Amino acid sequence: MRKIFARSMTRFFRFVADTFFAKRYGHRAVVLETVAGVPGMVAGMLLHFTSLRKMKTGYGATIRELLSEAENERMHLMFFIEIAQPNFFERMLVVIAQISFGLFYLLLYLIDYKTAHKMIAYFEEEAVLSYTEYLALVESGVTENVAAPKLAIDYYGMKPEARLIDLIQHVRADEQHHSEVNHRFAEGRDF
Ligand SMILES: [Fe+2]
Ligand SMILES: [Fe+2]
């Protein structure tokens, strides 16, 4: 049941993203990364509150892992905003998505956190696929292999001449990691 719901939501959001962006991967990355930064922060905040409320230790490592996921996604946004600038319509979409997805995720997490993590694990798998498609377009020359932003070079410790291809590979590895972490949390936390 949990997996079916998580899978259906993933298919739904994938359909929405495909409809809006098609092959415009730069724009797709910018808008979706604004959403990707939400779940880790919501979950981290809720666990932080739980720890305060129950006056119990043992939450620290998980809270830090969730918040670091949110921070990592926010950095992805900062990299891709230098690659593609969203238009007015996309900026509106970001505002609407933040409010609606933020509330949806908050509620889902309160109702059943395992489903919430499972859904994010699947989202992250989709992100890996999308970045793989983006990578193929850059490798084939359809999308220009521009220089990687300085911010990304510093963040990943890439060589100064790093290009978009290198950046996408690093980001994709992050998404793969998020997927594994969320699959793990979906199996249950220790508290
Ligand atoms: Fe991301
Ligand atoms: Fe991610």
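Residues numbered from 1 in each chain as written. Chains lettered and ligands numbered in written order. Predicted model: local features only at pLDDT ≥ 70, side-chain atom pairs only at ≥ 80, totals over all residues. Heavy atoms only, no water.

Colleague: Please clarify how the coordination of the iron ion (ligand 2) should be interpreted in this entry.
Modeller: Ideal donor angles around a metal are set by the shape: a four-donor tetrahedron calls for 109.5 degrees, a six-donor octahedron for 90 or 180 degrees. Looking at the iron ion (ligand 2), one finds its protein donor set to be Glu73 (OE), Glu124 (OE), Glu124 (OE), Glu175 (OE) and His178 (ND1), positioned 1.8 to 2.6 Å from the metal centre. Donor residues binding the iron ion (ligand 2) come from one chain and are separated in sequence as E-x50-E-x50-E-x2-H. Here the iron ion (ligand 2) and the iron ion (ligand 1) are spaced 3.7 Å apart, with Glu73 acting as a shared donor. Of this pair, Glu73 sits in helix α3 (residues 60-80) while His178 sits in helix α7 (residues 164-186), and the two are 105 residues apart along the sequence. Neither Glu73 nor His178 differs from the other in exposure class; each is buried. (Donors = N, O, S within 2.8 Å, 3.2 Å for Na, K, Ca; no water. Helix = DSSP H or I, 4+ residues; strand = E, 2+ residues; numbered from the N terminus. Buried < 20%, exposed > 50% of the residue type's maximum accessible area, 1.4 Å probe, protein only.)

Colleague: Hey, could you run me through the coordination of the iron ion (ligand 1) in this one?
Modeller: With distances of 2.0 to 2.3 Å, the protein atoms coordinating the iron ion (ligand 1) are Glu33 (OE), Glu33 (OE), Glu73 (OE), His76 (ND1) and Glu175 (OE). All donors to the iron ion (ligand 1) come from one chain, and their sequence spacing reads E-x39-E-x2-H-x98-E. Exposure remark for Glu73: the relative accessible area of 0% places this residue in the buried category. Judged by its relative accessible area of 2%, Glu175 falls in the buried class.

Colleague: Honestly, the pattern of salt bridges in this entry has me stumped. Any pointers?
Modeller: Pairs can form between side chains of opposite charge once their charged atoms are near each other. Under the counting rule described, the total for this entry stands at 10 salt bridges. The partner of Asp18 in a salt bridge is Arg28, with the nearest N and O atoms 2.9 Å apart. You can see Asp18 sitting in helix α1 (residues 2-21) and its partner Arg28 sitting in helix α2 (residues 25-54), a full 10 residues away along the chain. Of the residues examined, Arg28 reaches a relative accessible area of 3% and is grouped as buried. With its nearest N and O atoms 2.6 Å apart, the salt bridge here joins Asp154 to Lys150. With Asp154 and Lys150 both in helix α6 (residues 150-156), this residue pair falls 4 residues apart, about one helical turn. Residue Asp154 shares its accessibility class with Lys150, and that shared class is exposed. (Salt bridge = Lys/Arg side-chain N within 4 Å of Asp/Glu carboxyl O.)

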